[in-house]
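# Analysis of the macromolecular model
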Protein chains: 2
Amino acid sequence: MTEQLYYEDVIVGDEIAPLVKQPTTRQLVMWAGAVGDYFPIHYDKDFAQSRGLPGVIVHGQLIGAFLGQLMTDWIGERGSLRKLSCNYKGMNYPGEALTFKGKVTKKYVENEHHYVECSLRAENSKGEKTASGVAIVILPSRG
Amino acid sequence: MTEQLYYEDVIVGDEIAPLVKQPTTRQLVMWAGAVGDYFPIHYDKDFAQSRGLPGVIVHGQLIGAFLGQLMTDWIGERGSLRKLSCNYKGMNYPGEALTFKGKVTKKYVENEHHYVECSLRAENSKGEKTASGVAIVILPSRG
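Residues numbered from 1 in each chain as written. Chains lettered and ligands numbered in written order. Predicted model: local features only at pLDDT ≥ 70, side-chain atom pairs only at ≥ 80, totals over all residues.

## Quick look at the relation of the copies chain A and chain B
Mapping chain A onto chain B calls for a screw motion: a turn of 180 degrees about the axis and a shift of 0.0 Å along it, with 0.0 Å RMSD after fitting. Both copies of the chain, as the preceding transformation shows, are related through a two-fold rotation axis. Among all C-alpha atoms of chain A, that of G33 of chain A lies closest to the rotation axis, at 2.7 Å. By residue overlap, the copies meet face to face through one surface: 100% of the interface positions of chain A are interface positions in chain B. (Least-squares fit on C-alpha atoms with pLDDT ≥ 70 in both. Contact = placed C-beta atoms within 7 Å.)

Shown next, in the form of structure tokens:
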């Protein structure tokens, strides 16, 4: 774990250190069991191809979870993730390196809480956006 | 559940009513999570083919579990499965109907328990034996 991030350390426009993940077919199988999502496009190649896909695809919810990890890694133990949304723009395939990025878009104080809002994106190995999202976090303040 | 089976109902040479199962890729994924066996030959078609298999194969342990179900269905609530062994003779593939069969080979009383021994086999849809096993059960007695 890196040093704790404080509200005062953050500037609008800052980019969050990207998170790189390479989900495997094994991780998709583990995810299926963990969340109970057994839709076969996530593990059955023949089924996926019968639906017009090139192969099995990563669960969208797992992409959302990686965006969550991007944020919780960034905000540290004393930060708090208050809101996370994710919109899927394209398919992700196991075995492919995915990069999760975030950018600070807003910061404000409300009811004595120090909020930071970030825009999020997932990119495939070609740099194409496959998901976007928004996160709102609360950071501790040095004040 | 059918009527309770008693030791006295059983004759050496009897065949147990077969159990037919058609495991799906979904069942293999659920099994992987349930037992923690994530070897990719059970869900990743490309990996399975890279190992010289025609496609993903059923977990051997799941075949053993079906043999166990054959026996516990047969012996009823008051019967007790004391020993179950399984030897794998061939591959089973998801989507294929598998038939599990048993035959009574021995019955004896020991320490006031009424034992029945059965030979077991799993057959693929071509009738080829893909697993064999032995079960020892205790049945209630009418005596």
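Having seen it, we continue.
## Brief notes about the pairing of strand 4 (residues 113–123) of chain A
All names here are of chain A. Residues of strand 4 alternate between two faces, with H114, V116, C118, L120 and A122 buried on one and H113, Y115, E117, S119, R121 and E123 left unburied on the opposite face. Sheet topology note: the strand 3 (residues 98–110)/strand 4 ladder contains eleven bridges and is antiparallel. Looking at strand 4, one finds that V109 is bridged to H114. Counted along the chain from strand 3 to the antiparallel partner strand 4, the turn is two residues long, and its residue N111 has a positive phi close to 50 degrees. Here strand 4 pairs with strand 5 (residues 129–138) via nine bridges, running antiparallel. Residue pairing in the sheet places A122 in a bridge with A131 of strand 5. (Buried ≥ 20, exposed ≤ 12 C-beta atoms within 10 Å, placed from the backbone. Helix = DSSP H or I, 4+ residues; strand = E, 2+ residues; numbered from the N terminus. Pairing = 2+ DSSP bridges.)

## Concerning helix 3 (residues 60–75) of chain A
Residues and elements named next belong to chain A. With 16 residues, helix 3 should reach 22 Å at 1.5 Å per residue; the first-to-last C-alpha distance of 23 Å fits that figure. The set of residues buried in helix 3 consists of L62, I63, F66, L67, L70, M71, W74 and I75. Positioned one or two residues after helix 3, G76 has a phi angle of 75 degrees, which is positive. (Expected span 1.5 Å × (residues − 1).)

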